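Chain by chain, the residues:
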Amino acid sequence: MSNPSETSAGYSLPVWVTAVATAAFHCLRGEPFVSPVSVDLPQETTSHLLPVQQAAPLGANAALAMGRCQPGDHLDLTRNLPIWVLAEWGPPRGRDYPPLQLLPGAGVGVHAEGGRICASNFALELLRRNLEPLLPPRTTLRLTLVFPTGGRLAERTSNRAFGVVDGLALLGMGAWVQPSAAPDQLAAARQRLAQVVGARPRDPVVLVLGANGWDLARRHGLPEAALVKVGNWIGPLLAAAAEQRCRHVLLWGYHGKLLKLAGGIFHTHHHVADGRAAVLTAFAALEGLRGAALEQLHSAPTMEAALNHLRHDNPGLSSRLEARLLAEAEQQARAYVARHSEGSPTVGVVVFDGQRQVRGAGPHGRRLLAMLHPSEGDSAPPQGKDP
């Protein structure tokens, strides 16, 4: 087996959840608590040992285990995330009762439509791989997952924009953390960018922030052949597009991320730089917001809440502010390209909100969106307005 001190770095959230769930299950079976816990990973010939904090029985038919997510040295939102798993025996196995059920507890994200837990296929398969072979015949196991701080952390994500509410989703496509700030992701994005520009030299390239933005771009009808997922590497990918003589670049993303561009921030990972509240407040002041209203805007718990509150209380100023932010983001993007490259592509910005709606487009963003939707040019969102 692997040494726990060597392998605890870099594991994704599903692996840590599986470790805690396994500890809870062993306790449910009446076994003494032991840490570290052995976890089998796909395509690995040896087990991996992960530390778990504690496990204890809760009566005869339930047990609770606790641990923390440790993604290693990577910049990851789930660092030190508390993980609780309640393990209980379920009804006898049958058509309506699979061997393993994973249920959402407090702080765990669910799909807004239907209330099902939001978990990746990898996470579900990893739990089945490690727990189902240990179940006695005809028995079922019910696991309730709790992230005690998940509700607060979810406010720093764009989960709600993609129909995930109440907490953090149990995501992850592999056993190892693949952070959006990783240099190898930048290399992959550069390669994809070269392919897109080579195949569509005269058409706009769409730089999409994250997997969720990719999904929404496709749903909005943007051609997949034009999409490049950039993670948080907006600046370097803009410069790379200019170097490859790309004529038009459309930045497509959640407004909380793209707002940073208006402040000249071109690596948007929250551990690198945030500044959203400061940027929003500064531009709101330039549009005339003063006093308590300005302070309230600055102290809003999320960017979504700040913009929605301003929209409700002062729709005229809100409209001017959003238009100004979008135009400034485009201007800052063009200035960034000019500083780092000899090329000069047109750069446009389109932002969407927590309701999965396009919130607005900058002056160039509106035109580039029309180029990607030539038959729908008249329906493109106005600058700084709802579609």
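Remember, it's a predicted structure, so these values are computed and weren't measured experimentally.

A.B. asks: Looking at this structure, how should I read the overall build of the protein chain?
C.D. replies: If you tally the helices and strands in the protein chain, you get 13 helices and 16 strands. Per-residue burial over the protein chain gives 50% buried out of 387 residues. Pairs at least 24 residues apart make up 68% of the contacts formed inside the protein chain by residues separated by at least 6 positions.

A.B. asks: Could you clarify how one ought to interpret the packing of helix α2 (residues 13–28) against helix α3 (residues 121–131) in this entry?
C.D. replies: How two helices sit against one another is set out by the angle between their axes and by the gap between those axes. Across the interface, α2 lies against α3 with an axial gap of 10 Å and an inter-helix angle of 30 degrees. When the axes of α2 and α3 are compared, the crossing they make is right-handed. Across the interface between the two elements, P14, V15, V17, T18, A21, T22 and F25 of α2 pack against F122, A123, L126, L127, N130 and L131 of α3.

A.B. asks: Got a minute to help me understand the pattern of salt bridges in this structure?
C.D. replies: This model, assessed by the stated rule, comprises nine salt bridges. For E287, the salt bridge identified is with R324, shortest N-O distance 3.1 Å. With E287 in the loop between α9 (276–286) and α10 (291–298) and R324 in helix α12 (residues 315–340), the pair connects residues that are 37 residues apart, well separated along the chain. E287 gets classed as buried once you look at its relative accessible area, which sits at 17%. Note on R324: relative accessible area 33%, which makes it partly exposed.

A.B. asks: I would appreciate a short explanation of the confidence of the model for the protein chain in the present structure.
C.D. replies: The predicted coordinates should not be examined in detail at positions where pLDDT is low. This prediction gives the protein chain a mean pLDDT of 85; 87% of its residues lie at or above 70. At the level of individual helices and strands, the protein chain shows its lowest average pLDDT in helix α1 (residues 4–7), which scores 39, and its highest in strand β9 (residues 141–146), which scores 98. Counting contacts from residues 1–9, a segment whose pLDDT is below 50, to residues more than four positions away or on other chains yields 19 contacts.

A.B. asks: Help me understand the sheet that holds strand β4 (residues 62–68) in this model?
C.D. replies: For sheets, the rule is that strands pair by backbone hydrogen bonds, running either parallel or antiparallel. Taken in spatial order, the five strands make up an open sheet running β3-β4-β5-β9-β6, and their pairing is mixed. Two strands lie at the open edges of the sheet, namely β3 (54–57) and β6 (100–104), each paired on one side alone. Mean inter-strand twist for the sheet, computed between neighbouring axes without regard to direction, equals 20 degrees. Contacts from α2 reach β3, β4, β5 (82–89) and β9 within the one sheet, and its direction differs from that of β5 by about 40 degrees.

A.B. asks: Would you take a moment to explain the packing of aromatic side chains for this structure?
C.D. replies: Centre distance and the angle of the planes are the two values used to describe a pair of aromatic rings. Throughout the structure, instances matching the rule amount to four aromatic pairs. Aromatic pair Y11 and W16: ring centres 6.0 Å apart, planes at 80 degrees, arrangement edge-to-face. Using a relative accessible area of 0% as the deciding quantity, one classes Y11 as buried. Its relative accessible area of 1% is what places W16 among the buried residues. Taking 6.0 Å as the distance between ring centres and 75 degrees as the angle between the ring planes, the aromatic pair formed by F25 and W89 counts as edge-to-face. Taken together, the positions of F25 in helix α2 and W89 in strand β5 put the pair 64 residues apart, joining distant regions of the chain. Among the residues examined, F25 registers a relative accessible area of 0% and is labelled buried.

Reading guide: rules and limits
Residues numbered from 1 in each chain as written. Predicted model: local features only at pLDDT ≥ 70, side-chain atom pairs only at ≥ 80, totals over all residues. Heavy atoms only, no water. Helix = DSSP H or I, 4+ residues; strand = E, 2+ residues; numbered from the N terminus. Buried < 20%, exposed > 50% of the residue type's maximum accessible area, 1.4 Å probe, protein only. Contact = heavy atoms within 4.5 Å. Axes fitted to C-alpha atoms, helices over the stretch in contact; angles between N-to-C directions. Left-handed = near helix turned anticlockwise from the far one by under 90°. Salt bridge = Lys/Arg side-chain N within 4 Å of Asp/Glu carboxyl O. pLDDT = per-residue confidence, 0-100. Pairing = 2+ DSSP bridges. Phe/Tyr/Trp six-rings, centres within 6.5 Å; stacked < 30°, edge-to-face > 60°.

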